[in-house]
Amino acid sequence: MTISRRKLLASIGAVTATAGVSAFWISRMPNYTGPVSDHFDGKVFFDPDGVPPKSLGEVLRWQFGGGRKREVWPDWVDNEFADTPPAKVESGVRLSYVGHASWLIQTAGINILFDPVWSERVSPFSFAGPQRHNAPGIAFDKLPKIDVVLVSHGHYDHLDLPTLSKLQAAFAPRVITPLGNDVTMTSGDSAIKAEAYDWADRVELGNGLAVTLVPTRHWTARGLWDRNRCLWASFVIETPAGKLYIVGDSGYGDGGHFRRVREAHGEIRLAILPIGAYEPRWFMKDQHMNPEDAVKALNDCGAQQALASHHSTFQLTDEAIDGPVKGLAEALVAAEMPKDKFVALKPGQVFEI
């Protein structure tokens, strides 16, 4: 099979967010250095209950092997909703879906962004790789003052340096992230106020809020030479309205990660769980949940309510743009779970508790 240079670059850009292949072919990315632990061997991080990331050969097999069926997405989908958030929310929790894995969470007078991405592409290239198929549900200039940013890991569809720099210039928020990702951020923009923490670290945010980093079944990279040189995590946020469990990316495995969150943190008021970027399963199952997995994860973590994330904005994998949302509806029926217990919002929609 003949592969054009443009198709090759586009494919490299496409797998950046999901497989860690990037443009940094020669230079090495700055990495974390620190003491050995039960999930850091002195050079790379690992999940004691997980599996290693796919090899470059497996990436190429997925991208260029025979029999691949990649669904075609529409070039652009106009949003039905556009949120203009209030300056603050003092009681309860207001959650606004920006799109993909990005959320605005407002509670106790503090505004939190999770995995914020306002860029047109999630790729090391400005001209290739996954691009938006819909606009952010909140226009950047409609954002309230952002106090805290949570970044789950270093893949380009979660750690978006242009957006973080723009947030720094506009609001100078605290940026809470797992170990090593602070170096990635400040290497790109030294002004970013990045704070790096380990699994199980609890960070006070003020006004009675706190966030704890918890293990998740994933991995990270931004180049060929930095696989798992930084840590990845999910977050449990303590709020006056209850605990929120927010997952950026995760495979399901045997569900142990989700059950341990329930055991360690007790009752979860609301979980944000990813449902997209899951095909083909032979490649994606260890790093991304499909809707059926996400419903099982909801049962395991025991959350009263769930919202769906990581779908319908960037085409990272092979399923259709509406595949995750349709699949979630089917998985809820199969699990005999009420459809309003696990809701898939559209960009710009708001959920309040």
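My aim in this report is to walk through the structure given alongside it, one point at a time.

What counts and how
- Residues numbered from 1 in each chain as written.
- Predicted model: local features only at pLDDT ≥ 70, side-chain atom pairs only at ≥ 80, totals over all residues.
- Heavy atoms only, no water.
- Helix = DSSP H or I, 4+ residues; strand = E, 2+ residues; numbered from the N terminus.
- Rg over C-alpha atoms; globule rule 2.2 N^0.38 Å.
- Buried < 20%, exposed > 50% of the residue type's maximum accessible area, 1.4 Å probe, protein only.
- Contact = heavy atoms within 4.5 Å.
- 1 Å grid on protein atoms, 1.4 Å probe; cavity = no way out; pocket = protein on both sides within 12 Å on 5 of 7 lines; lining within 4 Å.
- Points joined across faces, edges and corners; volume = space filled by probe spheres on them.
- Pairing = 2+ DSSP bridges.
- Axes fitted to C-alpha atoms, helices over the stretch in contact; angles between N-to-C directions.
- Salt bridge = Lys/Arg side-chain N within 4 Å of Asp/Glu carboxyl O.
- Phe/Tyr/Trp six-rings, centres within 6.5 Å; stacked < 30°, edge-to-face > 60°.
- Lys NZ or Arg CZ within 6 Å of the ring centre and 35° of its normal.
- Core = buried A, V, L, I, M, F, W, Y, C linked by side-chain atoms within 4.5 Å.
- Right-handed = clockwise from strand over helix to strand, strands pointing away.

**Digging into the overall build of the protein chain**
Each helix and strand in the protein chain was counted, giving eight helices and 14 strands. Over its C-alpha atoms the protein chain spans a radius of gyration of 19 Å, differing by no more than 12% from the 20 Å that the globule rule assigns to 353 residues. Overall, the C-alpha framework of the protein chain stretches about 60 × 45 × 40 Å when taken along its three principal axes. The buried share among the 353 residues of the protein chain stands at 57%. Taking all contacts inside the protein chain whose residues are at least 6 apart in sequence as the whole, residues at least 24 apart take part in 72%.

**Some details on the layout of surface pockets**
The computed volume of the second largest pocket comes to approximately 310 Å³. If you trace the second largest pocket, you find 16 residues lining it, with V77, N134, S312, K346 and P347 closest to the centre.

**A closer look at the sheet that holds strand 13 (residues 342-343)**
On the basis of which strands lie adjacent, the open sheet formed by seven strands has the order 7-8-9-10-11-12-13 and mixed pairing. Edge positions in the sheet fall to strand 7 (202-206) and strand 13, since each of these pairs with one other strand and no more. Pairing geometry for strand 9 (residues 234-239) and strand 10 (residues 242-246), over five bridges, is antiparallel. Residue pairing in the sheet places T239 in a bridge with G242 of strand 10. The sheet contacts of helix 5 (residues 256-265) involve strand 8 (209-214), strand 9, strand 10 and strand 11 (270-274), and relative to strand 10 the element is tilted by about 160°.

**Structural notes on the sheet that holds strand 3 (residues 110-114)**
Across the sheet, seven strands lie side by side as 6-5-4-3-2-1-14; this open sheet has mixed pairing. Both edges of this open sheet fall to strand 6 (193-197) and strand 14 (350-352), since each of them pairs with a single strand only. Averaged over all pairs of adjacent strands, the angle between strand axes in this sheet comes to 20°, irrespective of strand direction. Relative to strand 4 (residues 148-150), strand 3 runs parallel, the two sharing three bridges.

**A short note on the pattern of salt bridges**
Within this structure, the stated rule accounts for 15 salt bridges. Notably, a salt bridge pairs E204 with R202, separated by 2.7 Å at the nearest N-O pair. Under the relative-accessibility criterion, E204 is labelled partly exposed at 47%. The shortest N-O distance in the salt bridge between R281 and D293 comes to 2.9 Å. Here R281, found in helix 6 (residues 281-284), pairs with D293, found in helix 7 (residues 291-301); they are 12 residues apart in sequence, far enough to count as distant. Residue classification places D293 among the buried residues on the basis of a relative accessible area of 10%. Residues joined in a network through salt bridges with shared partners are K54, R217 and D286.

**A word on the packing of aromatic side chains**
In the structure shown here, the tally under the stated rule is 13 aromatic pairs. Consider the rings of Y32 and F45, whose centres lie 5.3 Å apart with planes at 40°: the pair is tilted. A residue pair is termed long-range when its members are at least 10 positions apart, and Y32 in the loop between helix 1 (5-19) and helix 2 (56-64) and F45 in the loop between helix 1 and helix 2 qualify at 13 residues. Judged by relative accessible area, Y32 falls into the buried class, the value being 16%. Pairing F125 with F127 gives two aromatic rings, centres 5.5 Å apart and planes at 40°, and the pair type is tilted. A cation over a ring is seen here: R61 above W282, with NZ or CZ 3.8 Å from the ring centre. R222 extends its terminal NZ or CZ atom over the ring of Y156, reaching a point 3.9 Å from the ring centre.

**Some thoughts on the nonpolar core**
The nonpolar side chains of a soluble globular protein tend to be buried, and buried together. Core analysis: the largest hydrophobic core is formed by 34 residues, its most contacted members being L95, W103, I105, I112, L150 and I176. Within the second largest apolar cluster, 25 residues are counted, among which are Y245, L273, C301 and A303.

**A word on the environment of A135**
Relative to the elements of secondary structure, A135 occurs in the loop between strand 3 and strand 4. Each C-alpha atom of the pair A135 and V89 lies 24 Å from the other, and the pair is 46 residues apart in sequence. Setting aside anything within four residues of it in sequence, one finds A135 in contact with W76, N79, V98 and P347.

**Quick word on the pairing of strand 10**
Joining the antiparallel neighbours strand 9 and strand 10 is a turn of two residues. Of the strand pairs in this sheet, strand 10 and strand 11 are connected by three bridges, and their pairing is parallel. Among the inter-strand pairings, Y245 is bridged to a residue of strand 11, identified as A271. A crossover links strand 10 with its parallel partner strand 11, the connecting element being helix 5, and its sense is right-handed.

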